[in-house]
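Residues per chain, in single letters:
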Amino acid sequence: KDGYKDFKESIPVNEATKYVYMGFTKSCHPQYKFDSSQEKIFAQIIEEDQFTLKWLRPADKQFRIYWANNSRKYHPDFVVERNDAIYLVEIKAANQIDTGEVQDKKRAALNYCKYATDYNTANGKKPWIYVIFPHDKILLNTSFGSLLNTAE
């Protein structure tokens, strides 16, 4: 029981990665572990967002998005389905967004979203949109919509 917390519970930043969080109603799975406190906060933001239909943290083999000349696999942090689109979301330290590695992953994810969008729109479904959110913009008092305005 000590390893589980309700996702709404306030946790010190340096302890956020220690726990498995539960209590979600819009997620595809009942429990999640997060790699950073910003990811935990983002889960709370999308869970409470009125336009979020469902969301998930993809499993390692859920997506086949390759970068570095197809030698490395990219694992996005979140997938969020809203009324307007399906968002492939990456949360990254603000000072890392412009690095070569992050930009290479971004190109691969944009390419994936292009093909997914082409297929979906041809079949009457939602487009896919890739976004990178700087970690310092992930705050409990913000909304998914306002984050989209700051997205890379």
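Residues numbered from 1 in each chain as written. Predicted model: local features only at pLDDT ≥ 70, side-chain atom pairs only at ≥ 80, totals over all residues. Heavy atoms only, no water.

## Some words on the overall build of the protein
Here is the rule: Counting from the N terminus, the helices are DSSP H or I runs at least four residues long and the strands are E runs at least two residues long. In this setup the radius of gyration rests on C-alpha atoms only. A globule is expected at 2.2 Å times the number of residues raised to 0.38. Type-normalised accessible area, obtained with a 1.4 Å probe on protein chains alone, sets the label of each residue: buried when under 20%, exposed when over 50%, and partly exposed for intermediate values. A contact between two residues is defined here by any heavy atoms of the two lying within 4.5 Å. Each accessible area value is a Shrake-Rupley result obtained with a 1.4 Å probe; residue values ignore everything except the protein chains displayed when judging cover.
For the protein, the count of helices and strands is three helices and nine strands. When the helices and strands of the protein are read in sequence order from the N terminus, they spell out β-β-β-α-β-β-β-β-β-α-β-α. Over its C-alpha atoms the protein spans a radius of gyration of 15 Å, differing by no more than 12% from the 15 Å that the globule rule assigns to 152 residues. With the principal axes as the frame, the protein shows a C-alpha extent of 45 × 35 × 30 Å. Relative to its full complement of 152 residues, the protein shows a buried share of 44%. Within the protein, contacts between residues at least 6 apart in sequence are counted, and of these 51% link residues at least 24 apart. Accessible area for the protein stands at about 8500 Å²; split by element, carbon and sulfur atoms hold 47% of it.

## As for the side chain of Thr 117
Along the chain, Thr 117 turns up in helix H2 (residues 100-122). Residue Thr 117 is classed as buried on the basis of its relative accessible area, which comes to 17%. Look past the residues within four positions of Thr 117 in its chain and what remains in contact with it is Pro 127 and Trp 128.

## Examining the sheet that holds strand E3 (residues 31-33)
The condition that has to hold: We call two strands paired when DSSP finds no fewer than two bridges between them. Orientation is described by lines fitted to C-alpha atoms, with helices fitted over the stretch in contact, and by angles between N-to-C directions that extend from 0 to 180 degrees.
An order of E1-E2-E3 is seen for the three strands of this open sheet, with the pairing classed as mixed. Each having just a single partner strand, strand E1 (4-6) and E3 make up the two edges of the open sheet. Strand-to-strand, the axes of this sheet are offset by a mean angle of 35°, without reference to chain direction. One ladder, built from three bridges, connects E1 with strand E2 (residues 20-22); its direction is parallel. Paired with Tyr 4 across the bridge in E2 is Val 20.

## What to know about helix H1 (residues 37-48)
Keep this limit in mind: To estimate the expected span of a helix, subtract one from its residue number and multiply by 1.5 Å.
Relative to the 16 Å expected for 12 residues at 1.5 Å per residue, H1 spans 17 Å between its end C-alpha atoms, a close match to the ideal helical length. Counted residue by residue, H1 has nine buried out of 12 residues, so it is predominantly covered. Every buried residue of H1 is listed here: Ser 37, Glu 39, Lys 40, Phe 42, Ala 43, Gln 44, Ile 45, Ile 46 and Glu 47. Check the buried side of H1 and you find it contacts E2, strand E4 (52-56), strand E7 (78-82), strand E8 (86-92), strand E9 (128-134) and helix H3 (144-150).

## Observations concerning the pattern of salt bridges
Two side chains bearing opposite charge may form a pair once their charged atoms approach each other closely. Applied cut-off: Salt bridge, as used here: a side-chain nitrogen of Lys or Arg that lies within 4 Å of a carboxyl oxygen of Asp or Glu.
Scanning all chains against the criterion turns up 10 salt bridges. Put simply, Lys 5 and Glu 9 hold a salt bridge, and the shortest N to O gap is 3.6 Å. Between Glu 39 and Arg 57 there is a salt bridge, with the nearest N and O atoms lying 2.9 Å from each other. A residue pair is termed long-range when its members are at least 10 positions apart, and Glu 39 in helix H1 and Arg 57 in the loop between E4 and strand E5 (65-67) qualify at 18 residues.

## Things to note about the pairing of E8
Burial within E8 is extensive, with seven of its seven residues counted as buried. Burial along E8 is two-sided: the residues Ile 86, Leu 88, Glu 90 and Lys 92 and Tyr 87, Val 89 and Ile 91 are all buried. Bridge count for E7 against E8 is four bridges, and the pairing is antiparallel. From the neighbouring strand, Glu 81 faces E8, where its bridge partner is Ile 86.

## Description of the nonpolar core
The test is simple: To define a nonpolar core, start from buried Ala, Val, Leu, Ile, Met, Phe, Trp, Tyr and Cys residues and group those joined through side-chain atoms within 4.5 Å.
Within the largest apolar cluster, 41 residues are counted, with the highest numbers of intra-cluster contacts made by Phe 42, Trp 55, Phe 78, Val 80, Leu 88 and Val 89. Beyond its immediate sequence surroundings of up to four residues, Phe 42 is in contact with Phe 78, Val 80, Val 89, Ile 91, Phe 133, Ile 138, Phe 144 and Leu 147.

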